[in-house]
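Take a look at the letters that make up each chain.
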Amino acid sequence: MTINEIPQSLIDRLRRARRVVFATGAGISAESGVPTFRGEGGIWNKMRPEELASVDGFMRNPNLVWEWYQHRRDLMSKVAPNPGHHAIAAFEKHFPDAVVITQNIDGLHRRAGSTRILELHGNISRNKCFDCGRLYEREIDPDAELPHCGCGGMIRPDVVWFGEMLPHDILQAAFEASEAAEVFLSVGTSAVVQPAASLPLVAARRGACLVEVNVEPTPLTPVADVFLQGKSGEILPLLLERFEARKRQIVAGDGTT
Ligand code: BV8
Ligand code: ZN
C-alpha cells in the first residue's frame, strides 16, 4: 500500500476526532516474529487452542501447558516492538485520549511506549496461583519446572484461557472506550474470538468510523468503513505520516481546516 492509497476521508475523520481506539490482535506482533494463532505458521495449526490455552488443558497436562508458556515467554523475551507498535504509540501525541485494546499477551505495546493499554487477555510475563489467585510478577525462575504457590496450588500464566471470563474492569473499560470511539481501528485480528470481536461492532453501531488493517479480509471487513489491506508494520507508519503531513499543512495555514 502506498501513502496515497490511504483515503483522504479517513485523514479528515482523524483530524476531527478526539477519541480513537486501536484494537489489536496477534497480527500486529507478527512482524516482530511472534507467531499468530491462525493463518500459515499459526500456532493453532499445530494443536487446538482448547488443548493448551484452557483450564481443562492445564488440568489435563499442567506440565505441557507450563512448558508451552515458558517456550512462548522465552520467544517473547527475544522480540521487539515493530513499526506498527511504534506508530500507535506515536499517535498518542495527537490523541491524548487514545486507547489501545489488545488481545495480545506479549507486552509489546507498552515496550513501544503506549501508555493507555487494556490487556483483555492478560500478560504472559505475569503468573498467578491456580488456587488462591496470588500474583507472581517476576518471582518465577525462568527454567522452573511446574512451580507451586505457598498455598500448594499450581502456578499458571496470568492470561485468560478459553472458557474463562475476562477481567471485569478491563472488559468494562474496553466496551466504554469502544462505545465512545469516533475512530476505531481494528488491527491484525481475525475477529473471531469473543468478546473482543464484539468491540468493533459496538463502536460502529455508535457511529464510529471503523477501520480495519489486515493482510487479508476477515468477518469484520464487510462492516468496516475503510479496509487497509497490508501489513500493519507498513500501513500504520504510512497512516501516521499522512496524518502528520496534513496537520503540518493546516498549521502552515493552507486555508483549509
Ligand atoms: C469467554 C490468551 C465467557 C491465551 C486467548 C464454545 C465453548 C467455550 C467458549 C466459547 C464457545 N464459543 C465461543 C466461545 C467463547 C470463546 C471464543 O470466542 N471462542 C472462539 C474460538 C469462537 N471465548 C472465550 O472463551 C473467552 N471467554 O467468552 O468467557 C464464556 C465462558 C464459557 C463459555 C462461553 C463464554 C476467552 C477468550 C480468550 C482466550 N485467550 N489468548 C494465550 O494467548 O495463550 S485467545 C487468543 O486467540 C488471542 O488472545 C486472541 O484473542 C485470539 C487470536 O486471535 P487474533 O489475535 O485475532 O489472532 P489470529 O492469529 O486469529 O489472527 C491474526 C490476524 O492477523 C489474521 O487475521 C491475519 O490475517 C492478520 N495478520 C497476520 N500478519 C499481519 C496481520 N495483519 C496485519 N499485519 C500483519 N503483518
Ligand atoms: Zn496459592
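Residues numbered from 1 in each chain as written. Chains lettered and ligands numbered in written order. Predicted model: local features only at pLDDT ≥ 70, side-chain atom pairs only at ≥ 80, totals over all residues. Heavy atoms only, no water.

Trainee: Give me the overall build of the protein chain: which residues, what numbers.
Mentor: The helix and strand tally for the protein chain stands at 10 helices and 9 strands. Against the compact-globule benchmark of 18 Å for 257 residues, the protein chain has a radius of gyration of 19 Å, which places it among compact chains. Considering only C-alpha atoms, the protein chain reaches an extent of 70 × 35 × 30 Å along its principal axes. Counting over 257 residues, the protein chain shows a buried share of 52%. Long-range contacts, defined as pairs at least 24 residues apart, comprise 66% of the intrachain contacts of the protein chain with a sequence gap of at least 6. Element-wise, carbon and sulfur atoms account for 53% of the exposed surface of the protein chain, whose accessible area totals about 12,300 Å². (Helix = DSSP H or I, 4+ residues; strand = E, 2+ residues; numbered from the N terminus. Rg over C-alpha atoms; globule rule 2.2 N^0.38 Å. Buried < 20%, exposed > 50% of the residue type's maximum accessible area, 1.4 Å probe, protein only. Contact = heavy atoms within 4.5 Å. Areas by Shrake-Rupley, 256 points an atom, 1.4 Å probe, with all protein chains shown as cover.)

Trainee: So what about the pairing of strand β4 (residues 122-129)? Which residues, and what values?
Mentor: Direction of pairing for β4 relative to strand β6 (residues 155-159): antiparallel, over a ladder of 4 bridges. Each bridged residue has a counterpart across the sheet, and for Asn-127 the counterpart in β6 is Pro-157. Of the pairings in the sheet, the one linking β4 to strand β5 (residues 135-136) comprises 2 bridges and is antiparallel in character. Directly across from Lys-128, in β5, lies its bridge partner Leu-135. Between β4 and the antiparallel strand that follows it, β5, lie 5 residues; Gly-133 among them carries a positive phi value of about 80 degrees. (Pairing = 2+ DSSP bridges.)

Trainee: Outline the domain arrangement of the protein chain, supporting the account with residue identities and numerical values.
Mentor: Accessible area lost when the parts come together is the quantity often used to give the size of an interface. Examined at the domain level, the protein chain breaks down into domain 1 (6-34 + 79-121 + 166-252) and domain 2 (43-76). One C-alpha centre belongs to domain 1, the other to domain 2, and the line joining them spans 28 Å. Each side of the interface is counted separately: domain 1 has 6 residues, and domain 2 has 4 residues. Area buried by domain 1 at its contact with domain 2 is led by Val-34, Val-79 and Ile-105, which between them contribute 74% of it. The tally of links between domain 1 and domain 2 comes to 0 salt bridges. Taken together, domain 1 and domain 2 are joined by 2 residue pairs in polar contact (both at pLDDT 80 or more). Its residues assigned to classes, the side of domain 1 that touches domain 2 comprises 3 nonpolar, 1 polar and 2 charged. (Domains from an automatic or database assignment. Buried area = accessible area lost by both parts, 1.4 Å probe. Salt bridge = Lys/Arg side-chain N within 4 Å of Asp/Glu carboxyl O. Polar contact = N/O pair within 3.5 Å; in protein donor to acceptor, adjacent residues only side chain to side chain. Nonpolar A, V, L, I, M, F, W, Y, C, P; charged D, E, K, R; others polar.)

Trainee: Explain the site of ligand 1 residue by residue, including any values.
Mentor: Residues in close proximity to ligand 1 total 32 residues, the closest being Arg-38, Tyr-69, Arg-72, Gln-103 and Ser-190. The backbone of Val-160 places a nitrogen or oxygen atom 2.7 Å from a nitrogen atom of ligand 1. Contributions of two or more residues to the shell around ligand 1 are made by α2 (27-30) and α5 (62-76). Residue classes in the shell around ligand 1 are distributed as 13 nonpolar, 13 polar and 6 charged. (Near = heavy atom within 4 Å.)

Trainee: Break down the nonpolar core for me, with residues and values.
Mentor: In this structure, Leu-10, Val-183 and Leu-239 are the most contacted members of the largest nonpolar core, which totals 30 residues. For this core, the secondary structure elements donating two or more residues are α1 (8-16), β1 (20-24), α6 (83-94), β7 (183-187), β8 (209-214), β9 (226-229) and α10 (232-251). Counting residues per element, this core draws most heavily on α10, at 6 residues. Once residues within four sequence positions are removed from consideration, Leu-239 is found in contact with Ile-6, Leu-10, Ile-11, Leu-14, Phe-91 and Leu-185. Counting 24 residues, the second-largest nonpolar core is a separate cluster that includes Trp-66, Ala-144, Ile-155 and Trp-161. (Core = buried A, V, L, I, M, F, W, Y, C linked by side-chain atoms within 4.5 Å.)

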